Amino acid sequence: SVPAGRGGGLDAAASAHSRRAAVDLLGARAIVSVAAHPPADVPRRGPRLDRRDGAVVVAPMLLAAVLSLAGLTSRSLGFDEGATIAIVSQHGAALGHAIARDGGNMSGYYALMHVLVGAFGDGPWVLRLPSVGFAALTPGFVAAIALALWRDRRVALLGATLCAVSLPLVYWGQTARGYAAMTCL
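Summarised in this report is the structure supplied together with it. (Residues numbered from 1 in each chain as written. Predicted model: local features only at pLDDT ≥ 70, side-chain atom pairs only at ≥ 80, totals over all residues. Heavy atoms only, no water.)

### Topic: the overall build of the chain
- On a plain count of helices and strands, the chain comes out with 10 helices and 0 strands.
- In the chain, the order of α-helices and β-strands from amino to carboxyl end is α-α-α-α-α-α-α-α-α-α.
- Across the 185 residues that make up the chain, the buried fraction comes to 30%.
- Partitioning the intrachain contacts of the chain with sequence separation of at least 6 by distance along the chain shows that 72% fall at a separation of at least 24.
- As displayed, the chain offers around 11,300 Å² of accessible surface, 67% of which is attributable to carbon and sulfur atoms. (Helix = DSSP H or I, 4+ residues; strand = E, 2+ residues; numbered from the N terminus. Buried < 20%, exposed > 50% of the residue type's maximum accessible area, 1.4 Å probe, protein only. Contact = heavy atoms within 4.5 Å. Areas by Shrake-Rupley, 256 points an atom, 1.4 Å probe, with all protein chains shown as cover.)

### Notes on helix α4 (residues 79-88)
- All of the buried residues in α4 are E81, T84, I85, I87 and V88. For α4, the angular spread of the buried residues around the axis is 170°, confining them to a single face.
- Taken together, the buried residues of α4 touch α5 (93-101), α6 (107-120) and α7 (124-150). (Arc of directions from axis to C-beta.)

### Side note on the pattern of salt bridges
- As enumerated under the stated definition, the model contains 6 salt bridges in all.
- With its nearest N and O atoms 3.1 Å apart, the salt bridge here joins D50 to R153. On the criterion of sequence distance, the pair formed by D50 in the loop between α2 (28-36) and α3 (51-69) and R153 in helix α8 (residues 153-164) is long-range, its members being 103 residues apart.
- Here D152 makes a salt bridge to R154, at a shortest N to O gap of 3.5 Å.
- The structure contains a network of salt bridges with shared partners spanning D50, R52, D53 and R153. (Salt bridge = Lys/Arg side-chain N within 4 Å of Asp/Glu carboxyl O.)

### Here we look at α3
- Taking 1.5 Å as the rise per residue, α3 with 19 residues should run 27 Å; its terminal C-alpha atoms sit 26 Å apart, in good agreement.
- Of all the residues in α3, the buried ones are D53, V56, V57, P60, A64, A65 and S68.
- Following α3 by one or two positions, G71 adopts a phi angle in the positive range, close to 70°. (Expected span 1.5 Å × (residues − 1).)

### Re the nonpolar core
- By size, the foremost hydrophobic cluster in this structure holds 20 residues, and its most contacted members are I87, Y109, Y110 and L127.
- The element best represented in this core is α6, accounting for 4 residues.
- Aside from chain neighbours lying at most four places away, what touches Y109 is T84, L127, S131, A176, R177, G178 and A181.
- Formed by 7 residues, the second largest nonpolar core is a distinct cluster that contains A143, A146, A156 and A160. (Core = buried A, V, L, I, M, F, W, Y, C linked by side-chain atoms within 4.5 Å.)

### Side note on a nonpolar patch on the surface
- Taken together, the side chains of L137, F141, I145, L149, W150 and V155 define a hydrophobic patch exposed on the protein surface, amounting to about 480 Å² of accessible area.
- Among the elements that make up the nonpolar patch, the one with the highest residue count is α7 (5 residues).
- By the secondary structure assignment, L137 is in helix α7. (Patch = residues over 30% accessible without salt bridge, like charges linked within 9 Å, V, L, I, M, F, W, Y side chains within 5 Å.)

### As for the packing of α3 against α7
- Taken N-terminus to C-terminus, the directions of α3 and α7 make an angle of 150°; their axes are 8 Å apart at the nearest point. The angle between the axes of α3 and α7 places the two elements in the roughly antiparallel class. Pair α3 / α7 crosses with right-handed handedness. The residues of α7 that touch α3, namely those facing D53, V56, V57, P60, M61, A64, A65, S68 and L69, are W125, L129, V132, A135, A136, L137, P139, G140, A143, A144 and L147.
- A breakdown of the residues in the contact of α3 with α7 according to their chemical character gives 17 nonpolar, 2 polar and 1 charged. (Axes fitted to C-alpha atoms, helices over the stretch in contact; angles between N-to-C directions. Parallel < 35°, antiparallel > 145°, perpendicular 65-115°, else oblique. Left-handed = near helix turned anticlockwise from the far one by under 90°. Nonpolar A, V, L, I, M, F, W, Y, C, P; charged D, E, K, R; others polar.)

This is how it looks when you write it as C-alpha cells:
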C-alpha cells in the first residue's frame with residue numbers, strides 16, 4: 001500500500017519516466033507522441049478540408065508537375081528506360097516472363113505501361129507521362145498526411161514543397177521507370 005501523501009510523487013515519477021521514454025532514438029517517439037496528442041493550443045478541426053487545406057495540397061502537386069514536365073523529352077531514352085520499352089512491348093506469356101525476369105517488383109507499373117503503349121504508342125511523352133503523374137501526386141500525399149498528423153498548414157506546405165523540389169523525385173518524374181510510382185505509393 002502507498003502511504004498517504006505519496007501518490008503524487010509516484011505519479012510524478014511515472015510521468016517523468018514516460019517523458020524520457022517518449023524521446024527515443026532520434027526523437028522518433030516524440031514525433032509520434034506529438035502527432036497523436038497535439039498541444040492544447042492547436043485547434044482541433046474536423047475531417048473536412050477547407051479551401052486553404054486544398055491549396056496546401058494542390059500547390060506543391062502543381063510545382064512537382066511543372067518541374068517534372070520541364071525538359072521531359074529533351075534527353076533521349078536511357079538504358080533503364082529501354083528495359084521498360086523492351087518489357088512492356090511484349091504480349092501474352094512473353095510479357096509475363098519478361099516481368100518475372102526483371103524481378104516482378106514493378107509488375108503493376110509494367111501492366112499500366114503495357115496498356116498505355118498499346119493504346120498511344122511508345123513515344124517519350126507516353127512513356128514518361130505516368131511518372132510525371134506519380135511524381136506530382138507524391139507531394140500531395142505528403143501534405144495530406146502532414147495535415148492529418150499536425151493540423152498545421154505551414155508544416156504541411158513546407159514538407160510538401162521540399163518533397164516537390166527534391167532532385168531525385170524530379171529526376172524519377174522524368175524517367176520511364178516505376179521509381180516515381182513506388183515513391184508515391
